[in-house]
Amino acid sequence: MSTEHGALLGPADIRELAAALGVRPTKQRGQNFVIDANTVRRIVRTAEVRPDDVVVEVGPGLGSLTLALLESAERLVAVEIDDVLAGALPATIQARLPQKADSFALVHSDAMLVKELPGAAPTALVANLPYNVAVPVLLHMLDTFPTIERTLVMVQAEVADRLAAGPGSRVYGVPSVKAAWYAEVKRAGSIGRNVFWPAPNVDSGLVSLVRRAEPVKTTATKKEVFAVVDAAFAQRRKTLRAALSGWAGSAAAAEAALVAAGVSPQARGEALTVEEFARVAEHKEAGA
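Predicted, not measured: the structure shown is a model, and the values here were computed from it.

Undergrad: Give a description of the pairing of strand β9 (residues 204-211) that names residues and reports values.
TA: Side-chain positions along a regular strand alternate between the two faces of the sheet. With respect to burial, β9 is a largely interior element, 6 of its 8 residues being buried. Looking at chain direction, strand β6 (residues 150-156) and β9 are connected through 7 bridges and run antiparallel. Following the sheet pairing, T151 is matched in β9 by L209. Relative to β9, strand β7 (residues 183-191) is paired through 8 bridges, and the arrangement is antiparallel. Note on β9: the bridge partner recorded for E184 is V210.

Set out below in structure tokens:
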């Protein structure tokens, strides 16, 4: 294996590993392996991984980002669903970065089912998320592990735009509002197609999420707020009075809740901040 980038994996290493394991990246799992050492270094740098961080990585694949994260963090926990990849990763760490092998833990599971992680609580989430499950996995991890302060994920460019969009944007929607419930969200760069194997048909983007110092101030529960968000965007073209009629019980009840929350019943979901959605949730009974 080449050592041009020290412990990190280059294109030849990735293909060699994959061939040895009989691995072909699958579309079903949205697998695209990063084969460029400079890209993983850039991700770690952009994520501002610190020497005292406990990082969780979802979908480590063959370990290109894993190795770069381990070099910089105190500890890394990787969550991998694929049997073959999960089985091979500890050996890759042992071979490439033996001095950090004790700082690495593997959880062989579907990230959506993970409720706890071994060792100290995670402080950061850094991952190249499989495209088809990126948003649910991201929201699940932020919800399940409130100690995660900083997140940097690589996702499809279009998903990155959606996550980071603000009210009024054409792509502002359910992912934007739900991500904003947990964190300050922003685009943190773009990634070309040629750093992946296989090269995807879409560009990728980095999204930074810094957990809110203070949660959204509301008497409504997260579940109640998210129910309003889901209803508001289920029929994007409708006014909130119409879109929320099912949620509230009737159009009149929806209007009463909106007016009580200080929101125009003629507004559409894409105009509201997460705080405004929370206020609407608080007034559900207003017209019931």
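Structure shown, so let's carry the discussion forward.
Undergrad: Give me the lowdown on the nonpolar core, citing residues and values where you can.
TA: Note on soluble globular proteins: their nonpolar side chains tend to be buried together. Core analysis: the largest hydrophobic core is formed by 62 residues, its most contacted members being L129, L209, V225, L244, F277 and V280. With residues up to four places along the chain from it excluded, the contact list for F277 reads V177, V225, V228, V229, A232, F233, G269 and L272. Counting 42 residues, the second largest nonpolar core, distinct from the first, contains I14, L152, V195 and F196.

Undergrad: Break down the pattern of salt bridges for me, with residues and values.
TA: Counted under the stated rule, the structure contains 11 salt bridges. Between R193 and D203 there is a salt bridge whose closest N-O contact spans 3.0 Å. With R193 in the loop between β7 and β8 (196-197) and D203 in the loop between β8 and β9, the pair connects residues that are 10 residues apart, well separated along the chain. Here E255 and R241 are joined by a salt bridge, their closest N and O atoms 2.4 Å apart. Placement of the pair is E255 in helix α11 (residues 251-260) and R241 in helix α9 (residues 240-243), with a sequence separation of 14 residues. What makes R241 partly exposed here is its relative accessible area of 30%.

Thresholds applied
Residues numbered from 1 in each chain as written. Predicted model: local features only at pLDDT ≥ 70, side-chain atom pairs only at ≥ 80, totals over all residues. Heavy atoms only, no water. Buried < 20%, exposed > 50% of the residue type's maximum accessible area, 1.4 Å probe, protein only. Helix = DSSP H or I, 4+ residues; strand = E, 2+ residues; numbered from the N terminus. Pairing = 2+ DSSP bridges. Core = buried A, V, L, I, M, F, W, Y, C linked by side-chain atoms within 4.5 Å. Contact = heavy atoms within 4.5 Å. Salt bridge = Lys/Arg side-chain N within 4 Å of Asp/Glu carboxyl O.

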